[in-house]
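Descriptive analysis of the structure
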Amino acid sequence: MNEQLTLLCLFILFSSLSVTFAGAADGDKNPFTPKAYAIRYWDKEIRSTLPKPPFILSKASPLSAVESAAFVKLAAQNALDQRLPEFCAAAKLLCFPEVGSSLEKHDKDANFAVYRDKNFTNYGTGRPGGVDSFKNYSEGENIPVNDFRRYSRDSAGHKDSFLSYSTEGNVVQQSFHTYAAGATGGTGDFKRYSDETNVPNLDFTSYSDDANGRTQSFNSYSENGNAGEQSFSSYGKNGNGPTNTFNSYGTGSNVVGSGFNNYAENANAPNDTFKGYGVDMNNPTNTFSNYAAGGNGAVEKFSNYRDRANVGADSFSSYAKSANAADIGFSTYGKSFNEGTDAFISYAKSSNGGTKVGFTSYGVNNTFKEYSKEGPTFSFSKYTNVSTTLSVSATAASGKMVNKWVEPGKFFREKMMKEGTVMPMPDIRDKMPERSFLPRSILSKLPFSVSKMDELKRVFRASDNGSMERMMRESLEECERAPSRGETKRCVGSLEDMIDFATSVLGRNVAVRSTENVKGSKKSVMVGPVTGINGGKVTQSVSCHQSLFPYLLYYCHAVPKVRLYQADLLDPKTKTKINHGIAICHLDTSDWSPTHGAFLSLGSAPGRIEVCHWIFQNDMAWTIAD
């Protein structure tokens, strides 16, 4: 406390010096920078004499002393949002670029290639015919933000082509509002849209509402993506004869959510086909609410939907409710690798006798509530029973089949940690946006809870239901989740907070480690000399994993009953060292889910085997120092 008071007095004196002097490069030697304070805090709280790892010090706040003082003052006044762009740039935070509104009109065809961060307003609005083409748009970009408003609205026969749009992007935010609303004819064609992206958030609101005879096609949409959300709200509402095709949608993606609300509601003769939707996905979640409700002559077909997916959950609420002469068919639906869940609530309720609902080769573990027993005709054919699914699960659990959702080498057995072993190395590269910790002096003044989401949205200028809000909410919910049995956890946004948590669990004589680099990723490596950390004894570790948040946020938790190893990793051909890996072996897996990727790739079940994995880039493991 005395040191902090003394430093505060010195800091006030320092801040009163001329702007020219104060604005000079701070560097690590300036005692007033957040990084210098974090280093002193480390020396004060940690008793081990091991050198401080550069990888963790590089995450300290890069703010200068003057910048830190200015932003601390703004945070205390709840006014950081007034200088958010400067704050984000100086503190190295994740903040979405703001896309301003536009009243510009466009009466000619547009061809967009190699483009990013744009507000597309009034493109194709009211136009007869014409083509707008998006090719190689925002490809490979980090945090691309694009907003389409009133695009092709009230047009006639206007075509829109999205080819190779926003592929291989990171934290992609794309919004389509009132797109093709009131349009007559024409097409919207999405090919290779947002494929192989990390944390995409795609929002279609009032898309093709009140349109007449317009065709939308989604082909190879958001394939091989990781996490993220796709939302379709009021899509095709009040339309006349709209045709929408979802072909190869989300194939091979990991933990993706899709929401269809008021989709084709009150539409006349809509024709929607979901083919190859969610195939080979890992744990997809799809929500259909008021889908085709109140429509006339709707044809909705689900073919090969969520086929060969791993678990997952779909919810159909008020689907085709009060519909007239609807034809709804589910073929090869929900044939999951490990059974998922499907809930049908108020399904086809109050629809008339001309409505037909057919389920062919439909998966197990489904719930039907309040669907109409009078009026619609329900047909169930080849409906999977429990015994068949259990047999499939047992075969999957045998470990003989390689599961495509688990990258080779992501999990392995402890016996592999032996010199001379050749094994596949997964892609250990950090795919999160680069960010830095905040100094505790600023962090302590910012809200951090789901209950204060409105305040957080104001600070970081996050739009309602946008990517930033979803990202923050999901991370906060995970931070506020009750710990698992035997787990001690804490989310930390400053280096000081991480030190406090690690030392509270392990004591002050601690060390922190991470795999040295990313060499060997997605290739085979040979294990060189191996050393057991803490003598190779069963020990306790504090593992820290990144969460997606505007500033660098780690989810840290105490992991009991583990063994940790460090090993040189060699090129199998030349035997030269390419990396130094840190591996952790979890000896007690009894509380893990039966569908955990480790059991899919290694076989067995919770509590029956130990599971090891490498510490990925920018993740870390704290242990008692050797």
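Rules behind the numbers
Residues numbered from 1 in each chain as written. Predicted model: local features only at pLDDT ≥ 70, side-chain atom pairs only at ≥ 80, totals over all residues. Heavy atoms only, no water. Helix = DSSP H or I, 4+ residues; strand = E, 2+ residues; numbered from the N terminus. Buried < 20%, exposed > 50% of the residue type's maximum accessible area, 1.4 Å probe, protein only. Contact = heavy atoms within 4.5 Å. Lys, Arg positive; Asp, Glu negative; His and termini not counted. Salt bridge = Lys/Arg side-chain N within 4 Å of Asp/Glu carboxyl O. Disulfide = S-S within 2.5 Å. Pairing = 2+ DSSP bridges. pLDDT = per-residue confidence, 0-100. 1 Å grid on protein atoms, 1.4 Å probe; cavity = no way out; pocket = protein on both sides within 12 Å on 5 of 7 lines; lining within 4 Å. Points joined across faces, edges and corners; volume = space filled by probe spheres on them. Phe/Tyr/Trp six-rings, centres within 6.5 Å; stacked < 30°, edge-to-face > 60°. Core = buried A, V, L, I, M, F, W, Y, C linked by side-chain atoms within 4.5 Å. Domains from an automatic or database assignment. Expected span 1.5 Å × (residues − 1). Axes fitted to C-alpha atoms, helices over the stretch in contact; angles between N-to-C directions. Parallel < 35°, antiparallel > 145°, perpendicular 65-115°, else oblique. Left-handed = near helix turned anticlockwise from the far one by under 90°. Nonpolar A, V, L, I, M, F, W, Y, C, P; charged D, E, K, R; others polar. Polar contact = N/O pair within 3.5 Å; in protein donor to acceptor, adjacent residues only side chain to side chain.

Along its length, the protein chain carries twelve helices and 30 strands. A total of 626 residues make up the protein chain; the buried ones form 52% of that total. Relative to all contacts within the protein chain whose residues are 6 or more apart in sequence, the contacts with residues 24 or more apart total 76%.

Tracing the backbone through its elements, the reader meets D619 in the loop between β29 (611-614) and β30 (620-624). There is no salt bridge for the buried D619, and the closest opposite charge comes from K59, which lies 8.2 Å off by N-O distance. Here D619 is in contact with R513, S514, C544, H545 and Q546, once residues within four sequence places are set aside.

We now examine the pattern of salt bridges. Taken as a whole and assessed by the stated rule, the structure comprises 20 salt bridges. The partner of K92 in a salt bridge is E434, with the nearest N and O atoms 3.4 Å apart. Taken together, the residues span a long stretch of sequence, with K92 in the loop between α6 (84-91) and β1 (111-113) and E434 in the loop between β22 (422-424) and α8 (440-443) at a distance of 342 residues. A relative accessible area of 34% means that K92 is categorised as partly exposed. Since its relative accessible area comes to 63%, E434 is described here as exposed. Of the charged contacts, one joins R473 and E469 as a salt bridge, the two residues approaching to 2.9 Å between their closest N and O atoms. In this pair, R473 and E469 both sit in helix α10 (residues 467-480), four residues apart, roughly one turn of the helix.

Cysteine pairs can be covalently joined through their sulfur atoms, and such a bond is termed a disulfide. According to the stated counting rule, one finds four disulfides in the structure shown. The disulfide partner of C88 is C95, and the gap between their sulfur atoms is 1.8 Å. Between C88 and C95 the disulfide shows an S-S torsion of about -65°. By sign, it is left-handed. Judged by its relative accessible area of 7%, C88 is buried. With a sulfur-sulfur separation of 2.0 Å, C585 is cross-linked through a disulfide to C612. Of note, the bridge from C585 to C612 carries an S-S torsion of about 110° and is right-handed in sense. Taken together, the positions of C585 in strand β28 (residues 577-586) and C612 in strand β29 put the pair 27 residues apart, joining distant regions of the chain. Assigned by exposure class, C585 and C612 land together as buried.

As a further point, take the pairing of strand β8 (residues 201-205). Most of β8 sits inside the fold, with four of its five residues counted as buried. Of the pairings in the sheet, the one linking strand β6 (residues 173-177) to β8 comprises five bridges and is parallel in character. Bridging across to β8, Q174 finds its partner in L202. Sheet topology places β8 next to strand β10 (residues 229-233); five bridges connect them, and they run parallel. Each bridged residue has a counterpart across the sheet, and for F204 the counterpart in β10 is F232.

This part takes up the confidence of the model for the protein chain. For the protein chain, mean pLDDT is 79; residues scoring 70 or higher make up 79% of the total. Segment residues 1-27: pLDDT under 50, and 17 contacts once partners within four positions in sequence are set aside and those in other chains are kept. Considering only residues more than four positions removed or in separate chains, one finds that residues 385-403, a stretch of pLDDT under 50, has 19 contacts.

Glancing now at empty space enclosed by the protein. Under the defined criterion, the tally for this structure stands at two cavities of 30 Å³ or more. In this structure, the largest cavity encloses a volume near 50 Å³. L74, A75, N78, A79, L80, D81, K445, L446, P447, R458 and V459 are the residues that line the largest cavity. Of all elements in the fold, only α5 (65-76) and α9 (453-459) reach the threshold of two or more residues within the lining of the largest cavity. Around the second largest cavity, the lining residues are P34, A38, A60, S61, F437, L438, P439, L495 and E496. Counting residues per element, the ones that place at least two in the lining of the second largest cavity are α3 (34-45) and α11 (495-506).

Moving on, we get to the packing of aromatic side chains. Following the criterion strictly, the structure yields eight aromatic pairs and no others. Ring geometry for F412 versus W614: centroids 5.5 Å apart, planes at 45°, classification tilted. One end of the pair, F412, is in the loop between α7 (386-397) and β22; the other, W614, is in strand β29, and 202 residues separate them in sequence. An aromatic cluster of three or more residues is present, and its members are F448, F549 and Y551.

Let's shift gears to the nonpolar core. Judged by nonpolar contacts, the single largest core of 44 residues is most densely connected at F148, F162, F176, F204, F260, F274 and F288. For this core, the elements supplying multiple residues, two or more each, are β3 (131-137), β5 (159-165), β7 (187-193), β8, β17 (327-333) and β19 (356-362). Two domains each put at least three residues into this core: domain 1 (135-261) and domain 2 (273-387). Judged by nonpolar contacts, the second largest core, of 38 residues, contains F460, M471, M472 and L548.

With that settled, consider α10. Taking 1.5 Å per residue as the helical rise, α10 with its 14 residues ought to reach 20 Å, and the 20 Å between its terminal C-alpha atoms agrees with that figure. Buried within α10 are the following residues: S467, M468, E469, R470, M471, M472, S475, L476 and C479.

This part takes up the packing of α3 against α11. Interaxial distance between α3 and α11 falls to 9 Å at its minimum, and their mutual angle equals 15°. Taken as axis vectors, α3 and α11 run roughly parallel relative to one another. Of the two elements, α3 crosses α11, and the hand of that crossing is right-handed. Contact residues: α3 offers Y37, A38, Y41, W42 and E45, while α11 offers L495, E496, I499, D500 and T503. Looking at the contact of α3 with α11, its residues break down into six nonpolar, one polar and three charged.

Further remarks concern the environment of F448. Along the chain, F448 turns up in the loop between α8 and α9. Through-space distance from the C-alpha of F448 to that of L476 is 7.4 Å; in sequence the pair is 28 residues apart.

Right, let's get into the environment of N212. When you line up the elements, N212 lands in the loop between β8 and β9 (215-221). A C-alpha to C-alpha distance of 9.3 Å links N212 and N238, two positions 26 residues apart in sequence.

One non-glycine residue, N78, adopts positive backbone phi at about 55°. Looking at the element boundaries, N78 is found in the loop between α5 and α6. With a phi close to 55°, K561 is a non-glycine residue in the positive phi region. Inspection of the secondary structure puts K561 in strand β27 (residues 553-570).

Of note, D427 is situated in the loop between β22 and α8. A distance of 2.8 Å separates polar atoms of two side chains, one belonging to D427 and the other to R429.

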